[in-house]
Amino acid sequence: MKQLVYLNSLTTLSTAPLTGTKMERPFLLLLLLLSTVSIDAVATTTAHTTTANNPFTPKASFLRYWAQKIPNRLRKPTFLLSKLSPLTPQNSAILQSLADRNALSTQLPSFCAWANLFCFPQSSPSLAKHNGYSEFTNYVNQNFTNYGTRALGDGNSFKNYSDGENVVADSFKRYSRESLGHRDTFVNYGPDVNVLSDQFSSYSVSGLGNSGEFTNYGRNGNAPNLGFKAYDTDGTGTRTFASYSDETNAGDQSFSSYGRKGTGIPTSFTSYAKDSNVLGSTFSGYGESAVAANDTFSSYGTNGNVPTNTFKSYGDRGNFGSESFNSYRNQSNVGDDSFSSYAKNSNYAKATFTNYGHSANPGSDAFKQYGKGANNQLIGFKTYGNDNTTFKDYEKKNTISFAEYEKRSSSKTGRGITTNRWVVEEGKFFRESKLKQGTVMKMPDIADKMPPRSFLPRSLAKKLPFSSARMRELVKIFNSDENSTLASIVGKTLKQCEREPSRGETKRCVASAEDMVDFAVQVLGNDVTVKSTESLGGSKGTVEIGRVVGLNGGKVTKSVSCHQSLFPYLVYFCHSVPTVRVYEAEILDVVKKQKINQGVAICHIDTSAWGPGHGAFMSLGGEPGKIEVCHWIFQNDMTWVVADH
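Rules behind the numbers
- Residues numbered from 1 in each chain as written.
- Predicted model: local features only at pLDDT ≥ 70, side-chain atom pairs only at ≥ 80, totals over all residues.
- Heavy atoms only, no water.
- Patch = residues over 30% accessible without salt bridge, like charges linked within 9 Å, V, L, I, M, F, W, Y side chains within 5 Å.
- Areas by Shrake-Rupley, 256 points an atom, 1.4 Å probe, with all protein chains shown as cover.
- Salt bridge = Lys/Arg side-chain N within 4 Å of Asp/Glu carboxyl O.
- Helix = DSSP H or I, 4+ residues; strand = E, 2+ residues; numbered from the N terminus.
- Buried < 20%, exposed > 50% of the residue type's maximum accessible area, 1.4 Å probe, protein only.
- Axes fitted to C-alpha atoms, helices over the stretch in contact; angles between N-to-C directions.
- Parallel < 35°, antiparallel > 145°, perpendicular 65-115°, else oblique.
- Contact = heavy atoms within 4.5 Å.
- Nonpolar A, V, L, I, M, F, W, Y, C, P; charged D, E, K, R; others polar.
- pLDDT = per-residue confidence, 0-100.
- Core = buried A, V, L, I, M, F, W, Y, C linked by side-chain atoms within 4.5 Å.
- Phe/Tyr/Trp six-rings, centres within 6.5 Å; stacked < 30°, edge-to-face > 60°.
- Expected span 1.5 Å × (residues − 1).
- Disulfide = S-S within 2.5 Å.

Some details on a nonpolar patch on the surface
Okay, step 1: Among the surface-exposed residues, L152, L180 and L208 lie close enough to one another that they form a single nonpolar patch of about 310 Å² accessible area.
Okay, step 2: With respect to the secondary-structure elements, L180 resides in the loop between β3 (167-171) and β4 (183-187).

So, in structure tokens, the structure goes:
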């Protein structure tokens, strides 16, 4: 790298907003002066200039802050200390200087590595020159821009690609354009990836007779962001999406201008997004001006949790298109679909909604200007079961059939929804009576699904933008833009941080360990302690409960629970939870009776503010305010309580 970091002048240096005590500031000034050497040089000397007891490290600074804010003599929690910034004093000083000059993006690789951040990998050189049949097995983070241009009859197989990686960002821009008979197979692509970002932009443009198969794509991922923009434009071929994005969490898929001006392209979405959690799909301008497009959505979104799908200007100006929605969104929890200007100005289009929307909890659909301007369109709703459905500006001149349309009341509740996978994971919610010695119970998957990151020092975190209004500045630091996957991830976290608190809730997003301490002390006072489940012992298995201790004397109290949010550096969403009881419980091996974990569980005594569709009521029965609900504190989450002495 060998890029020098210079300071403007000693005068500028002395007036910079440095942090720390009066004793620390001269040392930090010296460090900044030393930053006129190269960043690489500083990095190579780090190991020789720092020790475990260095008083100027972020950890040492935090321990002093803790002692000041929480004067009790209880042992400091090792799980929280492990999340503190690994920055050395030298590196911290360099980054502070770069932040002051809005220049962190110029040293992004160093920033990410030194501070242990979650950053997307930089684009690798394009593989455009490689043609012929290729098998990409166990590859990761490759750039396939312009790959397979004008290819004739060959193909590519992406098998076990990016398996189990933390962050995957592949580019398939202009892949296979103007090719003939090109075959692509994505089998077991990106399974168990934490953050999957793939962009299929202008893929197979003007291709003839090409075929693509996406099987078991992106399974069991966290926050996938997948974009199919102008895919198969002016082309012909066959596409199959089978078991696509199954069991994923909180992701987005965008199909923009997919199949535009295509001819006879059959596309099948089978078992798409099954068992997913809060997955959003947008089909914008899909099949625009296409001829004889044939799309099938079968078992789409089954067993999902709050799936949201938007079909905007789908099939506009298409001719002889056919769309079939069969067993769509069945057994999902709630869910919302919007069909806006669907099949607008089309000719002889056919859409069939069969066994659509039999959700475990009723969702809603909006059909706005559906079929507007279309000629001879045939629409059939057979055994359609949904709620709050609106048909606004529906084109009346087309043939519409409502056979066995089932209108249900939104007030209908019950336990007949326990087939929904996401809510019925046994042990995710349980009653307080389970927390007794000798109880045998199922423990859910409590593993942390977030990428590993560290807090930034508070002094550095305060220099970075942290609001939706400053999104452009924030993502620019990470060499990204407002349309990127990173922006989507960051936007969701900021939206959660900026939402209005619910009834009785006090909330704050904290971007440093010091901020977390401040919030806990503000809510609970300065005699507090923080608890978390010790390990993954017993996770996804059957366990026996050993000795149980109620914290704060087992009394109904309040706590501050903190949950990780997805962000480049460690950010926690913390909120006060009134009227709870918090327990520590030994987790025993059910056969050997040996202790395998020390669990922390929180029981919400007052659930009256919870929605009736909450997963706890669907798995346990009951209604808001009628029962208490308990759950374990998952790995790397934590809860603050008043200390026991």
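More follows now that the structure is in view.
Some details on unusual backbone geometry
Among all residues except glycine, the phi angle is most often negative; among peptide bonds, the trans geometry is most common.
Okay, step 1: In this structure, N116 is a non-glycine residue whose phi angle is positive, near 55°.
Okay, step 2: Structurally, the position occupied by N116 is in the loop between α7 (108-115) and β1 (134-137).
Okay, step 3: Positive phi is not limited to glycine here, since K540 has a value of about 65°.
Okay, step 4: Here K540 lies in the loop between β24 (528-531) and β25 (542-550).

Considering the environment of L566
Okay, step 1: Among the structural elements, L566 can be located in the loop between β26 (557-565) and β27 (571-589).
Okay, step 2: Counting along the chain gives 80 residues from L566 to L486, while the straight-line C-alpha distance between them is 9.9 Å.

Quick notes on the pattern of salt bridges
Okay, step 1: Here the structure, examined in full by the defined rule, presents 10 salt bridges.
Okay, step 2: Between D515 and R458 there is a salt bridge whose closest N-O contact spans 2.9 Å. Placement of D515 in helix α11 (residues 513-524) and of R458 in helix α8 (residues 458-461) is noted, with a sequence separation of 57 residues between them.
Okay, step 3: Judged by its relative accessible area of 17%, R458 falls in the buried class.
Okay, step 4: E505 is the partner of R499 in a salt bridge, and the nearest nitrogen-oxygen pair spans 3.1 Å.
Okay, step 5: Each of K69, R458, D515 and D518 takes part in a single network of salt bridges with overlapping partners.

Remarks on the packing of helix α4 (residues 58-69) against α11
Okay, step 1: The contact between α4 and α11 brings their axes to 10 Å, and the two run at 10°. The pairing of α4 with α11 is recorded here as roughly parallel in orientation. Taking contact as the criterion, the partners of F62, Y65, W66 and K69 in α4 are, on α11, A513, E514, V517, D518 and V521.
Okay, step 2: For the contact of α4 with α11, the per-class residue count stands at 6 nonpolar, no polar and 3 charged.

Some details on the confidence of the model for the protein chain
Okay, step 1: On average, the protein chain scores 77 in pLDDT, and the residues at 70 or more come to 77%.
Okay, step 2: Averaged pLDDT values for the elements of the protein chain fall to 31 in helix α1 (residues 10-15) and rise to 97 in β25.
Okay, step 3: Note that residues 1-51 has pLDDT below 50 and, in this model, 71 contacts with residues that lie over four places away or in other chains.
Okay, step 4: Here residues 407-423 is modelled with pLDDT under 50, and outside its nearest four sequence neighbours on either side it reaches 44 contacts, counting other chains as well.

Let's talk about the nonpolar core
Buried together is how nonpolar side chains tend to be arranged in soluble globular proteins.
Okay, step 1: Of all hydrophobic cores here, the largest spans 40 residues; its most connected members are L95, L104, F111, L117, L456, F478 and Y569.
Okay, step 2: Elements represented by at least two residues in this core include exactly α6 (89-100), α7, α8, α9 (471-477), α10 (485-498) and β27.
Okay, step 3: It is α10 that provides the largest number of residues to this core, a total of 6 residues.
Okay, step 4: If sequence neighbours within four positions are ignored, L104 has contacts with L95, L98, A99, F111, L464 and I477.
Okay, step 5: Within the second largest apolar cluster, 39 residues are counted, among which are Y175, Y203, F228 and F381.

Notes on the packing of aromatic side chains
Okay, step 1: Counted under the stated rule, the structure contains 8 aromatic pairs.
Okay, step 2: The rings of F62, W66 and W640 are connected pair by pair, giving a single aromatic cluster.

Quick notes on α10
Okay, step 1: Between its terminal C-alpha atoms α10 stretches 20 Å, which fits the 20 Å expected from 14 residues at 1.5 Å a residue.
Okay, step 2: T485, L486, A487, I489, V490, T493, L494 and C497 are the residues of α10 that are buried.

A look at the state of the cysteines
Linking two cysteines covalently through their sulfur atoms gives a disulfide.
Okay, step 1: Under the defined criterion, the tally for this structure stands at 4 disulfides.
Okay, step 2: The side chain of C112 participates in a disulfide bridge whose partner is C119; the two sulfur atoms lie 2.0 Å from each other. Taking the sign of the torsion about the S-S bond as the criterion, the disulfide between C112 and C119, at about -90°, is left-handed. Take C112 and C119: they sit in the same class, and that class is buried.
Okay, step 3: Each sulfur of the disulfide joining C562 and C574 lies 2.1 Å from the other. Across the disulfide from C562 to C574, rotation about the S-S bond amounts to roughly 115°, and the bridge is consequently right-handed. Taken together, the positions of C562 in strand β26 and C574 in strand β27 put the pair 12 residues apart, joining distant regions of the chain.
Okay, step 4: Of the residues examined, C562 reaches a relative accessible area of 0% and is grouped as buried.
Okay, step 5: Using a relative accessible area of 0% as the deciding quantity, one classes C574 as buried.
Okay, step 6: Of note for the protein chain: the bonded cysteines, numbered N- to C-terminal, pair according to 1-2, 3-4, 5-6, 7-8.

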